[in-house]
Amino acid sequence: MPGYLDVLTQKFNGAFTTSEFRDNRRVSVAADKSPDVIFGLLACLKNECGFDMLADLAGIDYLNYPGAADRFAVVYALTNTATGERVFVKAHANDPDPALPSAVPLWEGANWMEREVYDMFGVTFTGHPDLRRILMPDEFTSFPLRKDYPLRGAGERHNFVTVTRAEG
Amino acid sequence: MALKLDDNIFVTQLDQLANWVRKHSLWPMPFATACCGIELMATASSRYDIARFGSEAMRFSPRQCDVMIVAGRVVMKMVPVMQRIWLQMSEPKWCISMGACASSGGVFDTYAVVQGIDRFIPVDVYVPGCPPRPEQLIRAVIDLQEKIQKTGTINAREFDRRTAYEGPGALSKELDPKELVVAPGNFKTGTRVSLN
């Protein structure tokens, strides 16, 4: 058992579960606890356990996923640059307003990645300095990577003006 | 009543003269977004040499070109950009839709890729293929030259009359957007299932 799990257990006992798959160690926080706990947990991993780099941040939609308790998850892939150790922290969130605290105060690199998760999944990050859409146009209203969004879109593709020959 | 002219003097109409000049100096605006763009570059290479048709001057400024070659898939977010470039091009101007994606969306029947640029700007020549070979693009240039020679006028008044939308009408095969596409699909029963 790695040392950082002892530190986490001491501080956040009962707030998270851990699992291991091959070489990936995962720390999972359920939706009812994640808004309160996740920022402190990430800060602890960064400041006390040496996980100084946020390698990746991504969203997941668990709609219709077998055995899933919460709908959305945001995955933080953390790396300890001194030891090369990695840990994946999964913070869950639920409908109707999935929201998590922003990780930008800890890692500047979370800025665009959180915007992407917001753009594609509709998970809002409280405290984010500039939470705008990043991939889709500003006037887009839905969240394309949600599992209940039709692959062919909800009719957004053709809502543009047409330029005729005489106008050109 | 035969005019007595020297051997190197021809009599023609101004329209025909303008068409003849224009068709041999088509300067393309490459609007290349994907794999078709690589074929477009190959078309300009020494092997295929689009310069034979006077179209080698690829202009990256819309004011200096008169044929827009849309090569590759165009997404929703890119449509206003494409329309702005089209409007900024000097007249008279033409458009070649190169490849399956630009002409119909290709295999990308997804929420973001538009299903044919002719829904948003007028298109003169469509090039089939995914991606088309350089010869096919050269064929399109020749076809466009023929079209210009046949229909063009010196003050481009043929465009003034074309005030209506020229793209596909309401496509009867257009599926309900609510219809769900499951991927990866079950290839025995088809990939579309109803939401209900």
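Note that this is a predicted model, so its numbers are computed, not measured. (Residues numbered from 1 in each chain as written. Chains lettered and ligands numbered in written order. Predicted model: local features only at pLDDT ≥ 70, side-chain atom pairs only at ≥ 80, totals over all residues. Heavy atoms only, no water.)

Mind showing me how you'd approach the overall build of chain A here?
Across its full length, chain A holds 3 helices and 7 strands. Ordered by position in the sequence, the α and β elements of chain A form the string α-β-β-α-β-β-β-β-α-β. Overall, the C-alpha framework of chain A stretches about 70 × 35 × 30 Å when taken along its three principal axes. With 168 residues in all, chain A has 49% of them scored as buried. Considering only contacts within chain A whose residues lie at least 6 apart along the sequence, 53% involve residues at least 24 apart. Accessible surface computed for chain A: about 8400 Å², of which carbon and sulfur atoms make up 50%. Here chain A carries 17 positive and 23 negative side-chain charges, and the mean point of each set is 5 Å from the other. (Helix = DSSP H or I, 4+ residues; strand = E, 2+ residues; numbered from the N terminus. Buried < 20%, exposed > 50% of the residue type's maximum accessible area, 1.4 Å probe, protein only. Contact = heavy atoms within 4.5 Å. Areas by Shrake-Rupley, 256 points an atom, 1.4 Å probe, with all protein chains shown as cover. Lys, Arg positive; Asp, Glu negative; His and termini not counted. Charge placed at Lys NZ, Arg CZ, Asp CG, Glu CD.)

Whenever I open this one, the interface of chain B and chain A confuses me. Can you help?
When the parts of a complex come together, some accessible area is lost, and that lost area is often used as the size of the interface. At the junction of the two partners, chain B supplies 40 residues and chain A supplies 26 residues. When the two sides are added together, the surface that chain B and chain A hide from each other amounts to roughly 2900 Å², 60% of it contributed by carbon and sulfur. Of all residues in chain B, Met76(B), Lys77(B) and Tyr111(B) bury the most surface against chain A, accounting for 27% of the area lost on that side. Counting the contacts that link chain B with chain A gives 0 salt bridges. (Buried area = accessible area lost by both parts, 1.4 Å probe. Salt bridge = Lys/Arg side-chain N within 4 Å of Asp/Glu carboxyl O.)

Looking at this structure, I do not really get helix α2 (residues 34-47) of chain A. What am I missing?
In an α-helix there are 3.6 residues to a turn, and that puts residues three or four apart on one side. Residues and elements named next belong to chain A. Under the 1.5 Å per step criterion, the end-to-end length of α2 is 19 Å for 14 residues, consistent within 8% with the ideal 20 Å. What α2 keeps buried is the set Ser34, Val37, Ile38, Leu41, Leu42, Ala43, Cys44 and Leu45. Of the surrounding secondary structure, the elements contacted by the buried residues of α2 are α1 (3-12), β2 (24-29), β4 (72-79), β5 (86-93) and β6 (99-101). (Expected span 1.5 Å × (residues − 1).)

What is the right way to look at the UniProt feature "binding site: [4Fe-4S] cluster" (unreviewed entry) in chain B in this model?
All names here are of chain B. In this numbering, the UniProt entry assigns the feature "binding site: [4Fe-4S] cluster" (unreviewed entry) to Cys35, Cys36, Cys101 and Cys130. Spatial clustering of the annotated residues is evident: they stretch over 96 residues in sequence, but the largest pairwise C-alpha distance comes to 10.1 Å. From this annotated list, the subset lining the largest cavity comprises Cys35, Cys36, Cys101 and Cys130. Following the sequence through the fold, Cys36 ends up in helix α2 (residues 35-43). Overall, the relative accessible area of 5% leaves Cys36 in the buried class. Every residue in contact with Cys36, bar those within four places of it in the chain, is listed here: Ala71, Gly72, Met98, Gly99, Pro131 and Pro132. Turning to its location among the elements, Cys101 is positioned in helix α4 (residues 99-104). If sequence neighbours within four positions are ignored, Cys101 has contacts with Gly72, Arg73, Gly106, Phe108, Val114 and Gly116. (UniProt positions renumbered as here; feature names shortened; annotations may be inferred. 1 Å grid on protein atoms, 1.4 Å probe; cavity = no way out; pocket = protein on both sides within 12 Å on 5 of 7 lines; lining within 4 Å.)

Looking at this structure, I do not really get the sheet that holds β5(A). What am I missing?
All names here are of chain A. Ordered by their spatial adjacency, 5 strands build an open sheet running β1-β2-β5-β4-β3, and the pairing between neighbours is mixed. Two strands in the sheet have a free side with no partner beyond their single neighbour: β1 (17-21) and β3 (53-61). For this sheet, the mean inter-axis angle between neighbouring strands, taken without regard to orientation, is 20°. Of the pairings in the sheet, the one linking β1 to β2 comprises 5 bridges and is antiparallel in character. Within β2, the position partnered with Thr17 by the bridge is Ser28. In the packing of α1 onto the sheet, contacts are made with β1, β2 and β5, and the angle to β2 comes to roughly 10°. (Pairing = 2+ DSSP bridges. Axes fitted to C-alpha atoms, helices over the stretch in contact; angles between N-to-C directions.)

What is the right way to look at the side chain of Ser97(B) in this model?
All names here are of chain B. For Ser97, the position within the fold is in strand β3 (residues 94-98). We classify Ser97 as buried; its relative accessible area is 0%. Within the structure, Ser97 has its side chain in polar contact with the backbone oxygen of Ala102 (distance 3.5 Å). When sequence neighbours within four positions are dropped, the list of residues in contact with Ser97 reads Val70, Ala102, Ser103, Ile117, Val123, Val125, Tyr126 and Val127. (Polar contact = N/O pair within 3.5 Å; in protein donor to acceptor, adjacent residues only side chain to side chain.)

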